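# Tertiary structure, described
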Amino acid sequence: AILNRGLSGRFSGIVRFPQLRTIRRPDCLSLPSGQSGSNRIPLKENAMSLVLASTSPFRAAILKNAGIEFRAEAARIDERIVEKPLLDADATPEDIAAVLAEAKALDVSERNQGALVLGGDQTLSLDGELFHKPSDMEEARRNLLKFTGKTHQLWSALTLARDGETIWRHVSVAHMQMRDLTP
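Residues numbered from 1 in each chain as written. Predicted model: local features only at pLDDT ≥ 70, side-chain atom pairs only at ≥ 80, totals over all residues. Heavy atoms only, no water.

A separate point is the overall build of the chain. On a plain count of helices and strands, the chain comes out with four helices and eight strands. For the chain, the N- to C-terminal ordering of α and β elements is β-β-β-α-β-α-α-β-β-α-β-β. Looking at the 183 residues of the chain, the share that counts as buried comes to 37%. Long-range pairs, those at least 24 residues apart, make up 66% of the contacts in the chain between residues at least 6 apart in sequence. (Helix = DSSP H or I, 4+ residues; strand = E, 2+ residues; numbered from the N terminus. Buried < 20%, exposed > 50% of the residue type's maximum accessible area, 1.4 Å probe, protein only. Contact = heavy atoms within 4.5 Å.)

Structure representation (structure tokens):
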């Protein structure tokens, strides 16, 4: 598992993985729910800003609901191009999610000097097969029928970057059981 360790050496030639560093100063703090006033402590004007390397409304909602101030900027990468050499090298879905999250964070970080940039990605797999968003309803139906009665894995990866360098990464997995479906 990658969990806070980085990827195995076999992919180090594809994407650079600098040594991880600790972030010493939080950019914003959230107080526990139930305390008086706002549960959000805003960023100071001279504090480091947070940029979400995504325009996903779902990822933005997670940060917003947590009371974290940020702005969003899309990464300018083609995920399938980044993914191809990984697939050719038999990378795991876990590794692919981690590399894509890091590629997004680094891309946006290089255009936002001094900011913390959060990149994220998810991959879905079943029995070693990687699944992408279906292109149409028929493909969606076929995929759901493959999942019926089985447990598939959703790999979620996050990377924090600053000034074009990775400073933190994490990958987790959710094992999800699909109920039996009828065609």
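Read on for the rest.
What follows deals with the packing of aromatic side chains. This model, assessed by the stated rule, comprises one aromatic pair. A ring pair is formed by Phe131 and Phe147, whose centres lie 4.8 Å apart and whose planes are at 65 degrees; its orientation type is edge-to-face. Here the residue Phe131 occupies a position in strand β6 (residues 129-131), and Phe147 occupies one in helix α4 (residues 137-147), the gap between them amounting to 16 residues. Like Phe131, the residue Phe147 is buried in the burial classification. (Phe/Tyr/Trp six-rings, centres within 6.5 Å; stacked < 30°, edge-to-face > 60°.)

Moving on to the environment of Leu126. With respect to the helices, strands and loops of the structure, Leu126 is situated in strand β5 (residues 116-126). On the basis of relative accessibility, which here comes to 6%, the residue Leu126 falls in the buried class. C-alpha separation for the pair Leu126 and Leu154, spaced 28 residues apart in sequence, amounts to 9.1 Å. Beyond its immediate sequence surroundings of up to four residues, Leu126 is in contact with Phe131, Lys146, Phe147, Lys150, Thr151, His152 and Gln153.

Another point: the side chain of Lys104. By secondary structure assignment, the location of Lys104 is in helix α3 (residues 93-110). Among the polar contacts made by the side chain of Lys104, one reaches the side chain of Asp121 at a distance of 2.6 Å. Leaving out residues up to four positions away in the same chain, Lys104 has contacts with Ala53, Arg59, Ala75, Ile77, Glu79, Gly120 and Asp121. (Polar contact = N/O pair within 3.5 Å; in protein donor to acceptor, adjacent residues only side chain to side chain.)

Our next topic: the pairing of strand β8 (residues 165-177). Across 12 bridges, strand β7 (residues 151-162) lies against β8 in antiparallel orientation. For Leu154, the partnering residue across the bridge sits in β8 and is Ala174. Here β7 folds back onto β8, and the loop between the two strands holds two residues, one of which, Asp163, carries a positive phi near 55 degrees. (Pairing = 2+ DSSP bridges.)

A full pass over the atoms with the stated rule returns 12 salt bridges. For Glu83, the salt bridge goes to Arg80, with nearest N and O atoms at 3.3 Å. Linking Glu83 with Arg80, this pair stays in helix α2 (residues 79-88), spanning three residues, or about one helical turn. Assessed through its relative accessible area of 3%, Glu83 is described here as buried. Judged by relative accessible area, Arg80 falls into the partly exposed class, the value being 41%. Close ionic contact of Lys146 with Glu129 constitutes a salt bridge, the shortest N to O distance being 3.4 Å. Highlighted residues: Lys146 in helix α4 and Glu129 in strand β6, separated in sequence by 17 residues. Its relative accessible area of 36% is what places Lys146 among the partly exposed residues. Under the relative-accessibility criterion, Glu129 is labelled partly exposed at 37%. (Salt bridge = Lys/Arg side-chain N within 4 Å of Asp/Glu carboxyl O.)

Moving on, we come to the packing of α2 against α3. The contact between α2 and α3 brings their axes to 10 Å, and the two run at 140 degrees. With respect to α3, the element α2 is oriented oblique. Once α2 is placed against α3, the crossing between them reads as right-handed. In this structure, α2 contributes Glu79, Val82, Glu83, Leu86 and Leu87 to the contact, and α3 contributes Ile96, Val99, Leu100, Ala103 and Lys104. Within the contact of α2 with α3, the residues separate by chemical class into seven nonpolar, no polar and three charged. (Axes fitted to C-alpha atoms, helices over the stretch in contact; angles between N-to-C directions. Parallel < 35°, antiparallel > 145°, perpendicular 65-115°, else oblique. Left-handed = near helix turned anticlockwise from the far one by under 90°. Nonpolar A, V, L, I, M, F, W, Y, C, P; charged D, E, K, R; others polar.)

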